[in-house]
Amino acid sequence: MAPVGRALRHLLLASAGLLLIPLALRGAAALHPIANLQPTYLPSLEGPRERAPFDASRPAALARMQPAYVVIGDSMAGSRIDPAVFARASGESVAPLLYAGSGPAWWYLVLKNWVIASGIHPKAVFVFFRDTNLTNVMFRIDATWSLDTAALAEEDGLNEVVARRRGNTFYELRSGFDRVYASTEARRGIEPLVNEWPARAMFPYRRQREAFMLAVNERFGLDHLRPMDAADMQATEDREADFAAFVDKSQLPLMLRDAQRAGLRLVLVRVQRRPAGGQPPYQSPALQRYVRDLRAYVEARGGVLFDDTGDPAQTLDWYEDGDHLSREGRRRYTERFAERIRLQLP
Amino acid sequence: MIFHSLDFVVFVVLVVAIYWRLPQRAQNVLLLVSSYVFYGYVHPWFLILIASSTLIDYLSARGMERWPEHRRRFMAVSIVSNFGMLGFFKYFNFFADNVQAVLAAAGVQVSAPVLRVLLPVGISFYTFQAMSYTVDVFRGELRARRSLLDVAVFISFFPHLVAGPIQRASFLLPQVEAERRFSVHHATTGLSLMVWGFFKKLVIADNVGVIANKVFALRDPSFEILWAGVFAFAIQIYADFSAYTDIARGSSRWLGFELTENFDHPYMARSPADFWRRWNISLSTWFRDYVYIPLGGSRATGLLWARNILVTFLLSGLWHGASWNYVLWGAYHGVLLLLTRAHQMVRKPRDGPRTSDLGLRQLPQIAGMFALTLVGWLLFRETELSAIVRDLTLVPWHSTPADRQIGVYLFLLAFGYSIPLWVQSIWVEMHRGRPAPAEESWGRAGLRALAYGAAFAAILVLRSRTSLDFIYFQF
């Protein structure tokens with residue numbers, strides 16, 4: 001074993017190497033300047049990046065339209081609500097604000113920055129979700145292509161719940177590292193070099209390479225995935241079904257608070273997953289408890305919860321792939337939904 | 001709390017900063033409290049289980065020593081409670097499903113109860129570790145400890161609590177009881193292990209893991225795509241699990257503890273026996289000492305010996321998860337070991353100690369063993385038996401040219417990320433058996449510093465955008 005003095009100098013040298021050598025990344029960053037690099041609205045999750053612009057046309061369009069009903073959600077809402085059928089059945093105007101592959105963070109931002117910002121006062125705003133999605137802010141939060149369209153330059157409320165959810169108490173420390181080493185910028189230059197070398201080696205010409213990468217993406221497209229993966233049908237895990245543990249780490253309190261302040265009636269619609277064996281999908285005791293707690297929480301804050309699970313009318317023949325409904329199922333669902341709100345939301 | 005988070009780094013720094021200001025007993029109290037905070041960080045109810053396991057094993061061991069004539073009863077209490085807990089949380093549904101399937105095959109329709117509880121992370125590791133304590137006391141190889149605190153620290157020591165390496169009581173308990181001194185040398189080597197561990201997890205395992213996950217989500221993989229995915233998984237599982245071990249060993253050194261090694265460059269193995277001397281060493285030796293040898297080990301001959309091997313490997317497979325594919329994986333490795341041993345017996349030369357050089361003669365053996373290991377990883381990763389059958393019947397001449405190209409592309413991508421692992425393993429193999437220099441030269445120290453910096457830079461710019469849990473957390 002080395003004498004203490006020498007060992008200490010080696011430790012100091014190692015620490016210096018650890019902290020100083022990555023400064024070279026600043027040089028790499030300078031070689032790949034990014035024109036449109038912007039600070040993120042979710043610093044607890046990511047560093048600066050190029051972002052798509054906020055879609056300011058949406059609140060303006062809503063203000064012009066003054067819809068009676070607003071529907072927010074992902075493909076679960078899209079494959080259940082046919083806006084034309086809904087409008088006809090309810091005799092009211094409907095504004096669908098849908099994005100396939102979106103998650104609760106987007107739904108919250110849409111509610112806050114499009115619906116409430118537009119100043120409209122619809123009879124109800126519906127948010128469709130599955131299982132425990134509403135208390136899992138991380139669900140599809142990486143879908144930045146959708147998030148960006150509804151996010152302002154700063155989203156402190158959302159950022160805070162993301163930090164809480166991730167247990168990422170020290171994200172400012174990480175952001176500090178990113179700033180010191182310019183690692184976000186350097187990553188833009190270095191990461192593609194590492195990830196694209198096999199394609200570059202196999203296809204020296206750009207056009208060939210691009211065609212190949214398209215083929216790779218197609219090969220891993222929905223058509224080629226196992227049914228469970230394709231339909232995102234994995235049942236939610238019970239660890240997500242602890243309402244008390246996750247509600248304050250989610251955007252749900254913000255949604256209810258903002259809707260209440262704006263005088264909006266927020267209706268949360270928990271869709272039914274695909275039935276199996278002629279039965280509604282299994283709901284574990286934990287999940288049943290979760291729904292009870294969710295309902296109590298939502299109703300105490302002026303919201304309404306619809307839970308489709310167990311609805312005897314929603315049989316397997318309504319479904320197409322995974323939890324998505326077929327065209328016919330969608331029509332039937334929409335008509336039933338319009339009837340339901342006529343009775344339950346006078 | 002997860003290892004590959006800034007929270008963990010801050011947690012360790014805080015614990016270390018307080019730890020070395022305390023006397024030995026207070027250090028142990030701090031270790032226990034921090035271990036329980038670490039373990040109960042997300043699900044505090046997990047603490048009930050580990051605390052119960054600790055108390056039962058502590059009392060069982062004390063009982064064995066106090067009333068030797070009843071030691072079998074106390075041993076039974078320890079075994080039943082540990083295996084009962086493990087069986088309930090990990091194997092109940094597997095058992096119920098299979099009973100239901102057997103009854104259904106016999107024409108009896110019953111609805112099996114389904115247990116919907118979360119498998120407590122690390123339960124397979126700490127129950128095995130706790131049992132090594134009571135078994136060693138039962139055998140008279142270890143004296144029962146008076147201090148509940150020391151036993152509790154031994155079982156819950158946070159650096160290795162969730163995914164090992166499983167430590168023997170005879171190795172770790174004396175360290176818990178002893179006065180510990182801060183060593184700059186250990187701090188340096190600990191830092192080295194941690195940096196390498198974080199690099200392996202965040203840069204290698206998580207990036208190749210994405211490739212493996214994509215391939216194993218396909219319902220119609222071609223031969224080339226499938227095996228590129230299996231290769232990616234082989235790299236992922238080694239980088240991931242060994243990363244956990246490195247971080248565990250590195251952070252332990254900062255606390256004045258030494259944990260045993262768990263990996264010794266397993267993809268450089270020349271034979272199945274050699275592989276198991278290099279892969280998950282702590283688990284392999286646990287099964288050797290507590291299952292294989294009590295069954296008769298290699299003292300038995302012929303069929304009995306084969307039975308001992310197969311039982312040990314089947315149980316080892318089942319330990320990994322309540323699913324038939326893990327049992328199959330265990331059986332596969334057991335059969336490989338039997339076949340190679342039989343082959344050696346026919347050829348006479350024995351499976352001797354590992355050679356210290358890496359010559360051309362060893363390359364076919366290493367490549368052959370790696371290929372056999374890949375088949376094993378396919379069984380391990382593919383959870384549906386029908387998919388395993390489909391995968392094993394894929395042939396290259398049915399692939400389209402596009403699929404061949406995609407397979408090559410995925411393989412190269414995974415291989416590119418794994419280059420640091422291969423370089424390290426080849427370097428170690430080439431230098432195996434050579435005495436380490438008594439003192440590290442400044443040149444080596446400089447290179448080490450350079451490597452730390454490069455690894456940290458790589459973590460900053462190449463860490464996967466998809467953060468995956470450590471694979472062995474689920475076991």
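Placed above this text is the structure.
Residues numbered from 1 in each chain as written. Chains lettered and ligands numbered in written order. Predicted model: local features only at pLDDT ≥ 70, side-chain atom pairs only at ≥ 80, totals over all residues.

Q: If you had to explain the pairing of strand β7 (residues 304–307) of chain A to someone new, which residues and values would you point to?
A: Residues and elements named next belong to chain A. Relative to β7, strand β6 (residues 266–270) runs parallel, the two being bridged by four bridges. The residue of β7 that forms the bridge with L268 is L305. With helix α15 (residues 285–300) bridging β6 and the parallel β7, this β-α-β connection has right-handed handedness. (Pairing = 2+ DSSP bridges. Helix = DSSP H or I, 4+ residues; strand = E, 2+ residues; numbered from the N terminus. Right-handed = clockwise from strand over helix to strand, strands pointing away.)

Q: Can you lay out the sheet that holds strand β3 (residues 69–73) of chain A for me, pointing to particular residues and giving the numbers?
A: Residue and element names in this part refer to chain A. Read across the open sheet, the five strands follow the order β4-β3-β5-β6-β7; overall the sheet is parallel. Each edge of the open sheet carries a strand with a single partner, namely β4 (94–98) and β7. Ignoring which end each strand starts from, the neighbouring axes of this sheet average 20° apart. With five bridges connecting them, β3 and β4 associate as parallel partners. For I72, the partnering residue across the bridge sits in β4 and is L97. Sheet strands in contact with α15 are β6 and β7, and its direction is about 150° off that of β7. (Axes fitted to C-alpha atoms, helices over the stretch in contact; angles between N-to-C directions. Contact = placed C-beta atoms within 7 Å.)

Q: An account of the interface of chain B and chain A is needed here, citing residue identities and associated values.
A: Between chain B and chain A, the residue contacts involve 40 residues of the former and 49 residues of the latter. Broken down by secondary-structure element, the contributors of at least two residues to the side of chain B that touches chain A are α1 (6–19), α8 (184–216), α16 (401–431) and α17 (442–462) of chain B. The element best represented in the side of chain B that touches chain A is α17(B), accounting for 13 residues. Taken together, the residues of the side of chain B that touches chain A sort by class into 26 nonpolar, six polar and eight charged. (Nonpolar A, V, L, I, M, F, W, Y, C, P; charged D, E, K, R; others polar.)

Q: Please set out the pairing of β6(A) residue by residue, giving values where relevant.
A: All names here are of chain A. Most of β6 sits out of view: five of its five residues are buried. Both faces of β6 are covered, namely the face carrying L266, L268 and R270 and the face carrying V267 and V269. Of the pairings in the sheet, the one linking strand β5 (residues 124–129) to β6 comprises five bridges and is parallel in character. Bridging from a neighbouring strand, F129 pairs with R270 of β6. (Buried ≥ 20, exposed ≤ 12 C-beta atoms within 10 Å, placed from the backbone.)

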